[in-house]
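Descriptive analysis of the structure
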Amino acid sequence: MIHTNEAWKKIAVDPYHRTSFSLLVDGKEVPASRIARAPEITSALYTDRWGVGNVASSCISFTYLPLVMPPKAAKVQMKCAVWPRDGDWVLVDERGETIVTEHGQEIWLMDTQTITIGTWYINTRHTDARGWLTLECYDKMLKLDRYTVKKAAKKYGVKLTYPVEMETILSLSAKVTGLKVPELEDASGLAFTKDDVTELTMREALGYVATANGVNLAANESGTAMRAL
């Protein structure tokens, strides 16, 4: 779920509102004329969308003609903006009352409300003979597949004591991804053995934690924290 404020919601429900999307690569907006096709966003590693215990990694792929080649693992973001219909007016609700922003300001014609749809990082790239660059980008959740629990603990200097508790898995997940983890309550006394931490990837172990708490886990749209869904 993407966070939107009340001003956004009121503008978006108006059938005559305007919408625009923008794509940023390494902090620079890509002109629409240089994008070959609409970006495709998918949710990878999502084994059962109707269940719990999924630890999902979002992916965006697109092709564009860059002015400058982006650096390795550059940040990619997609944003969406909405603004009121044509006309010099102040946005009001169905009762005729003025709608204001969270700061108490009226919303006029050209006042836009913008949200971030997602944050990813370049994973693979391919350039064709004409210079068009195709990027496949993932969010930080993909890093959870790089290590087993034991290897992640060794890399980040965490001493494991057995059985390994849920809090240790969450703490390691934060270190591996750089994302703030949600507060979860272990309802089943979940713990991991020596064999578990040797064999399970961080994503698999975190999946057991998510299952024990009846949630799915994914990165938020700003790429700063995991969210429980």
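Residues numbered from 1 in each chain as written. Predicted model: local features only at pLDDT ≥ 70, side-chain atom pairs only at ≥ 80, totals over all residues. Heavy atoms only, no water.

Comments concerning the pairing of strand β5 (residues 75–83)
Quick reminder of the rule: Note on classification: 1.4 Å probe, protein chains only; a residue is buried when its accessible area is under 20% of the maximum for its type, exposed when over 50%, partly exposed between these limits. Helix and strand definitions here come from DSSP, where helices need a minimum of 4 consecutive H or I residues and strands a minimum of 2 consecutive E residues; each element is numbered from the N-terminal end. What makes two strands pair is DSSP finding at least two bridges between them.
Among the nine residues of β5, seven are classified as buried, and the element is accordingly described as predominantly covered. Bridging between strand β1 (residues 18–25) and β5 involves eight bridges; their strand directions are antiparallel. Note that in β5 the partner of Phe21 across the bridge is Cys80. In this structure, β5 lies alongside strand β6 (residues 113–127), joined through eight bridges in antiparallel fashion.

Describing unusual backbone geometry
The amide bond that connects Tyr162 to the next residue, Pro163, takes the cis arrangement and shows omega of -5°. Locating Pro163 in the fold gives a position in the loop between α2 (149–155) and β8 (164–165). The phi dihedral of Asp26 falls on the positive side, at around 55°, and the residue is not glycine. Positive phi outside glycine occurs at Ala73, with the angle close to 60°. Mapping Ala73 onto the fold places it in the loop between β4 (57–64) and β5.

Let's talk about the confidence of the model for the chain
Short version of the rule: Every residue gets a pLDDT, meaning the predictor's confidence in that residue, from 0 to 100.
Looking at the chain as a whole, the pLDDT averages 85, with 84% of positions reaching at least 70. Ranking the elements of the chain by mean pLDDT puts helix α1 (residues 6–12) last, at 72, and α2 first, at 97.

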